[in-house]
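Listed here are the chains, written in short residue letters.
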Amino acid sequence: MVILGAGIVGAACARELAHAGFDVTVLDRAGAAGATTAHGEGNILVSDKEPGPELQLAQLSRDLWPRTLESVAAGPLGQTAAARAEWAAKGGIVVATTAAGADALHAFADRQRTAGVRAEPLTRAQLAHAEPHITAGHTAAVHYPDDAQVQPAAAATVLLADARAAGARVHTCQEVRSAVVHGGRLTAVRTDTGRHEAEVFLDAAGPWSAELSARLGVFLGVHPRRGEVLVTTPLPPTVFHKVYDADYVDAVGSGDGTLQTSAVVESTAAGTVLIGSSRRRVGFDDRLRPEVLSAVAAKAVRLFPALARVPAMRAYGGFRPYVTDHLPVIGPDPRLPGLWHATGHEGAGIGLSLGTAHLLRTLLLDETPPLDPTPFRVDRPAVTEVTEGSATPEQSANRPDTRWGAPRSGGLLEGAEPPDARPARPRGKGAKPRRKPGGGTELHLTVDGAPVQGTQGQTLAATLLAAGRTSWRRTTTSAPRGLFCAIGTCFDCLVTVNGEPDVRACRRRAADGDVLTSQSRSTNTGHRPAPDRDRPRGDAR
């Protein structure tokens, strides 16, 4: 088995099939989990799907996620590796802000309950308790306790590592250039560095599946659909569930190629808040559009008004693998024996990955599938009919790399008021911790011998930034480094804490009495030196 693509879907399939006894090789033209997976939010949702085949696949996957991570923890990788996926069964809350939206939300929840989804209406008091910072101008809210979240790149890496522990091989920087076909069957693929033979080849290339399939000689109706996400600076605990407005479900199900936006707000383990979402059909144009970010921010601020005063630290965008009938493509390709597909999950690839892998295994081994695979078959019109602008085997366009960008510093909305800036007052010896204006308890840290004040709940990175410190590490060339990604993906923010080196400041909560020391590659001794630049979380080792 050769799996083409090392994103979350390819990683899940590699693990499932390796444990089932397949001889698995994974090929990726760049780095593992470095494209669509790295640009997602890590959502595992049942709350946004109408009753039907996709919801059934989502429910299967939701059941498999905690069981899979428990299996990883019990295996050779251990609990520490499983914990890196950052599984959080935080639940989701859908909020309506109009009378019409409330009616639609309740009707949608009623339909989901008939399909076995737990959808619990919230009173105004219950919502205020669950999300204290939510807008008072809501008309309805429904709690979905089964919604969950992982750190997507980390979760994919955990799955790949467990696949390797079961015997799979992972090769990066291996771009597929062409197919080798004998007797009408795909028998090998040619890459930049050689030829790979197998009995089965699995296309798990996400938004680039159409291009890959074209190089192999078949058309596949999978298109890129772009989305953008804003990232705030790290905050004290502010958003406690995945919260989105009722418009999100319509945006997900829309086939309109023009811009679709809705408010989707959730926190990360690093304390940042991720703000989405947008959907638009622009091919592989990877430019960040200020007007898109502005529209996304405006809807988020209507849901959480306090965000108008929070700086947006950066923004990023990626491409979802979109099929016009909004269903993934899972199964064999009857036009080219030997070729199988696991793609087209659009924005739900993280959540649907494990269910996809389980379904795929049963089909390959001719076992009884856990659900009807017919709706996901390859030979359906949405997948096989050539549409205007689609890549054909004769027209395989080059893919531009996805670039990262950052918005201008300041509030999420242009002209937003800056946060209150109150000078810290010294605390007398033996005095009790004070409550700060935002509600947190004061903390006192020492940074390179100097006293620094913080707030309970903040990360170390947030505390350092609030104190005016923008760098706390230096490379071999003495270049300053501080906070960069703020979501635990890069290693720029390493700092020594209480004698422990290489602590990612964006991931560690500040504690009263912490002693922080800046790091430098030229002076670190006795431990692994901090890296000069980002190391991809998608490293399959």
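Our structure's up above, just so we're on the same page.
What you see is a predicted model; the values in this text were computed from it and never measured. (Residues numbered from 1 in each chain as written. Predicted model: local features only at pLDDT ≥ 70, side-chain atom pairs only at ≥ 80, totals over all residues. Heavy atoms only, no water.)

S.K.: I tried to follow the nonpolar core on my own but got confused; where do I start?
M.R.: One recurring pattern in soluble globular proteins is that nonpolar side chains are buried together. Within the largest apolar cluster, 69 residues are counted, with the highest numbers of intra-cluster contacts made by Ile 3, Val 24 and Trp 65. Put simply, the parts of the chain that give this core at least two residues each are helix 1 (8-19), helix 2 (53-74), strand 4 (92-96), helix 4 (99-114), strand 6 (140-144), helix 6 (152-165), strand 19 (339-343) and helix 10 (349-364). Look past the residues within four positions of Ile 3 in its chain and what remains in contact with it is Gly 10, Cys 13, Ala 14, Leu 17, Val 24, Thr 25, Val 26, Leu 27, Leu 202 and Ala 204. (Core = buried A, V, L, I, M, F, W, Y, C linked by side-chain atoms within 4.5 Å. Buried < 20%, exposed > 50% of the residue type's maximum accessible area, 1.4 Å probe, protein only. Helix = DSSP H or I, 4+ residues; strand = E, 2+ residues; numbered from the N terminus. Contact = heavy atoms within 4.5 Å.)

S.K.: Which parts of the structure should I look at to understand the environment of Asn 43?
M.R.: Here Asn 43 shows up in strand 3 (residues 43-44). Apart from the residues within four sequence positions on either side, Asn 43 is in contact with Ala 148, Lys 242, Glu 266, Ile 350 and Gly 351. Side chain to side chain, Asn 43 and Glu 266 meet in a polar contact 3.5 Å long. (Polar contact = N/O pair within 3.5 Å; in protein donor to acceptor, adjacent residues only side chain to side chain.)

S.K.: It is not clear to me how the packing of helix 2 against helix 6 should be interpreted in this structure. Could you clarify?
M.R.: Two quantities define a packed helix pair, namely the angle between the axes and the distance from one axis to the other. Contact pair helix 2 / helix 6: the axes reach a minimum separation of 11 Å and the direction vectors enclose 50 degrees. Between helix 2 and helix 6, the angle falls in the class oblique. Crossing handedness for the pair helix 2 and helix 6: left-handed. Contacts between helix 2 and helix 6 involve Trp 65, Thr 68, Leu 69 and Val 72 from the former and Ala 155, Val 158, Leu 159 and Asp 162 from the latter. In the contact of helix 2 with helix 6, the residues fall into six nonpolar, one polar and one charged. (Axes fitted to C-alpha atoms, helices over the stretch in contact; angles between N-to-C directions. Parallel < 35°, antiparallel > 145°, perpendicular 65-115°, else oblique. Left-handed = near helix turned anticlockwise from the far one by under 90°. Nonpolar A, V, L, I, M, F, W, Y, C, P; charged D, E, K, R; others polar.)

S.K.: Sorry, what's going on with helix 7 (residues 209-216) here?
M.R.: Across the eight residues of helix 7, eight count as buried, placing the element largely inside the fold. The secondary structure elements touched by the buried residues of helix 7 are strand 1 (2-4), strand 9 (176-182), strand 10 (185-191), strand 12 (201-203) and strand 19. One or two steps after helix 7, the chain reaches Gly 217, where phi turns positive at roughly 110 degrees.

S.K.: Would you take a moment to explain the pattern of salt bridges for this structure?
M.R.: Between side chains of opposite charge, a pair can form as their charged atoms come close. Counting across every chain of the model gives 29 salt bridges. Residue Arg 111 pairs with Glu 50 through a salt bridge whose shortest N-O separation is 2.7 Å. Of this pair, Arg 111 sits in helix 4 while Glu 50 sits in the loop between strand 3 and helix 2, and the two are 61 residues apart along the sequence. Here Arg 111 falls in the partly exposed class, since its relative accessible area comes to 37%. What makes Glu 50 partly exposed here is its relative accessible area of 38%. Put simply, Arg 335 and Asp 333 hold a salt bridge, and the shortest N to O gap is 2.9 Å. For Arg 335, a relative accessible area of 35% puts it in the partly exposed group. (Salt bridge = Lys/Arg side-chain N within 4 Å of Asp/Glu carboxyl O.)

Function-wise, these values are silent; they only describe arrangement.
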